[in-house]
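Coordinate analysis (summary)
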Amino acid sequence: MDPITAFAAVQSAVKMIKQASAAANDVASLGPMIGKYFDAKHEATKAVRESKKSGGSNMGKAIELELALKSQKDFEDQLKGLFFSSNNMDIWNNIMQRVAEMDAADRLEADREKTRIRNAKRRQQELNETVIDAAETMLREMWGVRCDTYDAGCACCQKWAAL
């Protein structure tokens, strides 16, 4: 998804929450819409990161990102105010605690995945080396010790060259 589309989804979620909050009796009824906002925000941030990989101006990407983040921060401050003004500070604090726990779990899982990939690459490298060593040993047994002189008159080199 391109960043413009992703940020449009964020703005759409903000607009929907603002309209619903004007008519809602309590913040609990806004839960699904708030969840959609944060999902859209996550996708928008990921889209900006991915778009940077495709090249382009660092200044352009930085401006785009910072303005979008400022807009999102302003909205999140309003959202926090909505919880506080409706006397639901404890819910907001619980949400922030859960976010911190989930972020920590995500980081741990990402670290585990990196370790798993690194270990798989190491095991594959070890397997490749073992297969090569076994093949060399088998060929030495069949053809004798390779002399590595690459002399056209050498019987050993002629046998290896035939392979």
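Residues numbered from 1 in each chain as written. Predicted model: local features only at pLDDT ≥ 70, side-chain atom pairs only at ≥ 80, totals over all residues. Heavy atoms only, no water.

1. Remarks on the packing of aromatic side chains
- Taken as a whole, this structure holds three aromatic pairs when the rule is applied.
- Linked through ring pairs, Tyr37, Phe38 and Phe75 together constitute an aromatic cluster. (Phe/Tyr/Trp six-rings, centres within 6.5 Å; stacked < 30°, edge-to-face > 60°.)

2. Section: the pattern of salt bridges
- Applying the stated rule across the entire model yields six salt bridges.
- When the shortest N-O distance is used, the salt bridge between Glu126 and Arg122 registers 3.2 Å. With a gap of four residues between them, Glu126 and Arg122 both fall in helix 4 (residues 89-143), about one helical turn apart.
- When its relative accessible area of 39% is taken as the criterion, Glu126 is described as partly exposed. (Salt bridge = Lys/Arg side-chain N within 4 Å of Asp/Glu carboxyl O. Helix = DSSP H or I, 4+ residues; strand = E, 2+ residues; numbered from the N terminus. Buried < 20%, exposed > 50% of the residue type's maximum accessible area, 1.4 Å probe, protein only.)

3. Some words on the confidence of the model for the protein
- Taken over all residues, the pLDDT of the protein has a mean of 80, while the share at 70 or more is 82%.
- Taken element by element, the protein is modelled with least confidence in helix 5 (residues 155-162), mean pLDDT 61, and with most confidence in helix 4, mean pLDDT 90. (pLDDT = per-residue confidence, 0-100.)

4. So, the side chain of Asn88
- With respect to the helices and strands, the residue Asn88 is situated in the loop between helix 3 (58-85) and helix 4.
- Residue Asn88 is classed as buried on the basis of its relative accessible area of 17%.
- Within the local environment of Asn88, its side chain forms a polar contact with the side chain of Ser86, the two groups lying 2.8 Å apart. (Polar contact = N/O pair within 3.5 Å; in protein donor to acceptor, adjacent residues only side chain to side chain.)

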